[in-house]
Amino acid sequence: MREIRVIGDPVLRTPAEPVTDFDRELRRLIEEMFEAMYAVDGVGLAAPQIGVSRRLFVYDINKRKGHVINPVLTVDDPEEIADEEGCLSVPDRRTGRPIYAPVARAAGVTVEGVDRLRRPVRVRARGSLARCFQHETEHLDGRLYVDRLPRDEARGIMSRA
């Protein structure tokens, strides 16, 4: 089982490389990502979170499950909605559980990319799924949810992580 990388690991702060090889190794990576995500009760996981610098994420939230390779995110509804958000890569060092904080995100987005067979993927999302897509896409750009928080709040979380 692949280990979830935590804040401080350089792979989490490095923009991921596009996926170019669509082979058995990629299929296995997707399976391992789902396994790692389910093992810690996550709803989304980006490849850098398991140490693989590739533009790919998996998700399983609100009865919607899938993966997106080389995603491009478009904001459809820019109204920002603040809601509690945590990250598997920013755990409390005492409990190992994600640290939650209110994060403002766009209300509606569309993510486009391809699946493991290079078939086009296009998913419009609102609510929790839209939040998940934005969170995971930011991982692929080397950003974490704490980057969206006020400085003092981010420092407080970092002192616990």
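Relevant structure appears above.
Quick notes on the rules
Residues numbered from 1 in each chain as written. Predicted model: local features only at pLDDT ≥ 70, side-chain atom pairs only at ≥ 80, totals over all residues. Heavy atoms only, no water. Helix = DSSP H or I, 4+ residues; strand = E, 2+ residues; numbered from the N terminus. Buried < 20%, exposed > 50% of the residue type's maximum accessible area, 1.4 Å probe, protein only. Polar contact = N/O pair within 3.5 Å; in protein donor to acceptor, adjacent residues only side chain to side chain. Pairing = 2+ DSSP bridges. 1 Å grid on protein atoms, 1.4 Å probe; cavity = no way out; pocket = protein on both sides within 12 Å on 5 of 7 lines; lining within 4 Å. Points joined across faces, edges and corners; volume = space filled by probe spheres on them. Nonpolar A, V, L, I, M, F, W, Y, C, P; charged D, E, K, R; others polar.

Looking now at the side chain of Thr137. Mapped onto the elements of the fold, Thr137 is located in helix H2 (residues 127-140). Relative accessible area serves as the criterion here: at 8%, Thr137 is assigned to the buried category. A distance of 2.7 Å separates a polar atom in the side chain of Thr137 from the backbone oxygen of Phe133.

Counted residue by residue, strand S2 (residues 56-61) has five buried out of six residues, so it is predominantly covered. Where strand S1 (residues 44-46) lies against S2, three bridges are found, and the strand directions are antiparallel. Within S2, the position partnered with Gly44 by the bridge is Tyr59. Pairing of S2 with strand S3 (residues 64-85) involves six bridges; the strand directions are antiparallel. By the bridge assignment for S3, Tyr59 is matched with Gly66. Where S2 hands over to S3, the hairpin turn is made up of two residues, of which Asn62 adopts a positive phi near 50 degrees.

Empty space among the atoms becomes apparent when a probe as large as a water molecule is rolled across them. Considered as a void within the structure, the largest pocket measures approximately 500 Å³ in volume. For the largest pocket, the lining is made up of 27 residues, of which Val43, Glu84, Glu85, Gly86 and Arg131 are closest to its centre. Ranked by the residues each element gives to the lining of the largest pocket, the list is headed by H2, at seven residues. Taken together, the residues that form the lining of the largest pocket break down as 12 nonpolar, seven polar and eight charged. Within this model, the second largest pocket holds a volume of roughly 250 Å³. What lines the second largest pocket is simply Arg2, Val19, Thr20, Asp21, Asp23, Glu25, Leu26, Arg28, Leu29, Glu32, Val52 and Arg54. Considering only residue class, the lining of the second largest pocket consists of four nonpolar, one polar and seven charged.

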